[in-house]
Amino acid sequence: MTDEAKTRLYSKRRYVMYGITTILLFCIPFVKINGNQIFLLSFDHKQLHLLGVAFDMQELYLMPFLLILMFLAIFFMTTLAGRVWCGWACPQTIFRVLYRDLLETKILGLRKRMENRQLEPDMSLGINKAKKTIALVVWAALSLVAASNLMWYFVPPEDFFQYIQNPIEHKYLFIFWLGFAIALVAIVVFIKENFCIYMCPYSRVQSVLYDNDTIMTVYDYKRGGEVFDIKGIKLWKKPEVPNAECTGCEACVKICPTHIDIRKGMQLECINCLECSDACTKVMGRLGKPTLISWTSPQSIEDRQKVRYMRFKTIGYVIAMTVVFVGLLMMSSKKEDMLLNINRQELYTIRDNARVENSYIFLFQNTQREAHEFYFEVENNAEIQIKRPSKPFRIEAGEKSKQVVVLYTEANLAQDAQKDTHIPLTIKAYALDSKEPIEVFRESVFIYPPSKALQ
């Protein structure tokens, strides 16, 4: 193989990418900023952690922005580089490489050659059955670790390790944990690449998003010749390509994990892993020629020009993602230092001396990392006073407090003899013992009875 061919192999770069992806997925749950994870969707604590900022359920207005941004990123990535995620970063692909190529082939020798993915091991041999059993047991243990890693994005690692010590009290955690592990065993060991071909919806999305400038694994038919079957006879060289370079070795077919023939053009099953390109590079390298299979676009093969990365569709996706990302930043910058929900109770109560009272339920939540003393006041109406609670109250870090609030007025605020008067209120809630100001403002209403009801 020529030095040029060696430099064009994708396998080493692909394995480096697998390693980086694995390390990132395992480390991210343990990296904290200001005590919060980089990403965590906790149903237990009812919080979303995003880049070290904790958002409570009342602040999940960010989720639509995150979902829109995620789908736009998927569309952009697919339009630009096809199923690059599938071949280079998808956990399913990484798991299959670990199980099939590393565990079964390199370590246990169950598969004799990595170059032929079409050839299954002879399971009639007792030694192969033993090796398969060992591989299954080892992968089951690794699946528990991988399932734990997945759970850490929904249950903080410190809570996870504490909860698994009490399985009876946290049975649903165990159900999901074991369920994910069993699913990984089933998908990786038994379903295999059929998951990518038949079950993953991404392969169906790509057919809509692809165009002639999308980067994908492409066979250069102008050099190699087109391949097609007629009555079971495989024709390798068309008259239009009299000097076709394809040797018909089928190295690209044998190594394909999804069992396709890349020479027949773009197919939904192709995951852009470029294993076929590496195989062709090795064969053609021995002949002193460049590979017939490369990561490029069909249009680039047709006109022998560079790939057009910047085009209307990709620019449009970049603009859309930028707009959504700016909106996400703007909304996240409005995060409040504490939370307060106000719900009215009964209409109003008339006491002696024409004193009118309104009752509310105030739900406070201290989103800070330390306890504080909280109280509130009516901002825009000095005639409306606080009857209950009469003094500040303490809320622990991250805790909630429900307060029954009674506001009253002894002034005559009626504006109609027959109808109730709705008086707008601005409630300012704040922490009394914080060095930095912690306060929120909420709008509500005080209902005053008609003047006829007070007579």
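Before going into details, it helps to say that this report is about the structure given with it.

Focus on the overall build of the protein chain
Logical step 1: Looking only at helices and strands, the protein chain has 15 helices and 18 strands in total.
Logical step 2: Relative to the compact-globule value of 23 Å for 455 residues, the protein chain shows a C-alpha radius of gyration of 32 Å, a clear excess of over 25%.
Logical step 3: Based on the C-alpha atoms only, the size of the protein chain along its principal axes is roughly 105 × 55 × 45 Å.
Logical step 4: In the protein chain, 66% of the contacts between residues at least 6 apart in sequence involve partners at least 24 apart.
Logical step 5: A total of about 24800 Å² of accessible surface is found on the protein chain, and carbon and sulfur atoms cover 62% of it.
Logical step 6: One finds the centroid of the 55 positive side-chain charges in the protein chain at a distance of 10 Å from the centroid of its 47 negative side-chain charges.

Looking at unusual backbone geometry
Logical step 1: The linkage connecting Arg388 with the following residue, Pro389, adopts the cis geometry, with an omega of 0°.
Logical step 2: Although it is not a glycine, Glu250 adopts a positive phi angle of roughly 60°.
Logical step 3: If you trace the backbone, Glu250 turns up in the loop between strand S8 (233-235) and helix H12 (251-255).

As for the pairing of strand S3 (residues 39-42)
Logical step 1: Bridge count between S3 and strand S4 (residues 47-50): four bridges; the pairing is antiparallel. Counted as the bridge partner of Ser42 is Gln47 from S4.
Logical step 2: Turn length for the S3-S4 hairpin, with the two strands adjacent in sequence and antiparallel, is four residues, and the turn residue Lys46 shows positive phi of about 55°.

Some thoughts on the sheet that holds strand S5 (residues 53-56)
Note: strands within a sheet are paired through backbone hydrogen bonds, in either parallel or antiparallel orientation.
Logical step 1: Within the open sheet, the three strands sit side by side as S3-S4-S5. Their pairing is antiparallel. Of all strands in the sheet, those with a lone pairing partner are S3 and S5, marking the two edges. Strand-to-strand twist across the sheet, computed as the mean angle between neighbouring axes with direction ignored, equals 15°.

Observations concerning the environment of Leu48
Logical step 1: In this fold, Leu48 is placed in strand S4.
Logical step 2: By relative accessible area, Leu48 is classed as buried at 0%.
Logical step 3: Residue contacts for Leu48: discarding those within four places in its chain leaves Phe39, Leu40, Leu41, Val53, Ala54, Phe55, Leu60, Met63 and Leu66.

Details of the pairing of strand S17 (residues 421-431)
Logical step 1: Within S17, nine of the 11 residues are buried, which leaves it mostly tucked inside the rest of the structure.
Logical step 2: Judged from the five bridges that link them, strand S13 (residues 372-378) and S17 form a sheet pairing that is antiparallel. Pairing of Glu377 across the sheet is with Lys428, part of S17.
Logical step 3: The pairing of S17 with strand S18 (residues 439-448) spans 10 bridges and is classified as antiparallel. Directly across from Lys428, in S18, lies its bridge partner Phe441.

Notes on helix H5 (residues 91-107)
Logical step 1: Helix length check: H5, at 17 residues, gives a terminal C-alpha distance of 21 Å against a target of 24 Å (1.5 Å per residue), a shortfall beyond 12%.
Logical step 2: Most of H5 is tucked away: 12 of the 17 residues are buried.
Logical step 3: Within H5, burial applies to Gln92, Thr93, Ile94, Phe95, Arg96, Val97, Tyr99, Arg100, Asp101, Leu103, Glu104 and Thr105.
Logical step 4: Buried residues belonging to H5 abut helix H2 (11-27), helix H4 (84-88), helix H6 (126-151), helix H8 (171-191), helix H9 (194-199) and helix H13 (275-286).

Quick notes on the sheet that holds S13
Logical step 1: Strand order across the open sheet formed by four strands is S15-S13-S17-S18, with antiparallel pairing between neighbours. Since the sheet does not close on itself, it has two edges, and those belong to strand S15 (393-395) and S18, each with one partner. Neighbouring strand axes in the sheet, compared pairwise and without regard to direction, differ in orientation by 35° on average.

Here's the deal with the packing of H5 against H8
Packed helices, taken two at a time, are described by the angle their axes make and the gap between the axes.
Logical step 1: Between H5 and H8, whose axes approach to 9 Å, the crossing angle comes to 65°. By the criterion of interaxial angle, the relationship of H5 to H8 is roughly perpendicular. Crossing of H5 against H8: the hand is right-handed. Residues Gln92, Phe95, Arg96 and Tyr99 of H5 form the contact with H8, whose own contacting residues are Leu184, Ile187, Val188 and Val189.
Logical step 2: Tallied by class, the residues present in the contact of H5 with H8 amount to six nonpolar, one polar and one charged.

With respect to the pattern of salt bridges
Logical step 1: Under the criterion given, the structure shown has 25 salt bridges.
Logical step 2: When the shortest N-O distance is used, the salt bridge between Glu357 and Arg351 registers 3.2 Å.
Logical step 3: For Arg351, a relative accessible area of 43% gives the class partly exposed.
Logical step 4: Notably, a salt bridge pairs Arg394 with Glu396, separated by 3.1 Å at the nearest N-O pair.
Logical step 5: Judged by its relative accessible area of 41%, Glu396 is partly exposed.

Some thoughts on the state of the cysteines
Logical step 1: Taken as a whole and assessed by the stated rule, the structure comprises zero disulfides.
Logical step 2: No disulfide involves Cys196; its nearest neighbouring cysteine sulfur is the one of Cys90, lying 6.2 Å away.
Logical step 3: Owing to a relative accessible area of 7%, Cys196 belongs among the buried residues under this scheme.

Comments concerning a nonpolar patch on the surface
Logical step 1: Among the surface-exposed residues, Leu150, Tyr172, Ile175, Phe176 and Phe180 lie close enough to one another that they form a single nonpolar patch of about 520 Å² accessible area.
Logical step 2: The element that contributes the greatest number of residues to the nonpolar patch is H8, accounting for four residues.
Logical step 3: Within the secondary structure, Tyr172 is located in helix H8.

What counts and what doesn't
Residues numbered from 1 in each chain as written. Predicted model: local features only at pLDDT ≥ 70, side-chain atom pairs only at ≥ 80, totals over all residues. Heavy atoms only, no water. Helix = DSSP H or I, 4+ residues; strand = E, 2+ residues; numbered from the N terminus. Rg over C-alpha atoms; globule rule 2.2 N^0.38 Å. Contact = heavy atoms within 4.5 Å. Areas by Shrake-Rupley, 256 points an atom, 1.4 Å probe, with all protein chains shown as cover. Lys, Arg positive; Asp, Glu negative; His and termini not counted. Charge placed at Lys NZ, Arg CZ, Asp CG, Glu CD. Pairing = 2+ DSSP bridges. Axes fitted to C-alpha atoms, helices over the stretch in contact; angles between N-to-C directions. Buried < 20%, exposed > 50% of the residue type's maximum accessible area, 1.4 Å probe, protein only. Expected span 1.5 Å × (residues − 1). Parallel < 35°, antiparallel > 145°, perpendicular 65-115°, else oblique. Left-handed = near helix turned anticlockwise from the far one by under 90°. Nonpolar A, V, L, I, M, F, W, Y, C, P; charged D, E, K, R; others polar. Salt bridge = Lys/Arg side-chain N within 4 Å of Asp/Glu carboxyl O. Disulfide = S-S within 2.5 Å. Patch = residues over 30% accessible without salt bridge, like charges linked within 9 Å, V, L, I, M, F, W, Y side chains within 5 Å.

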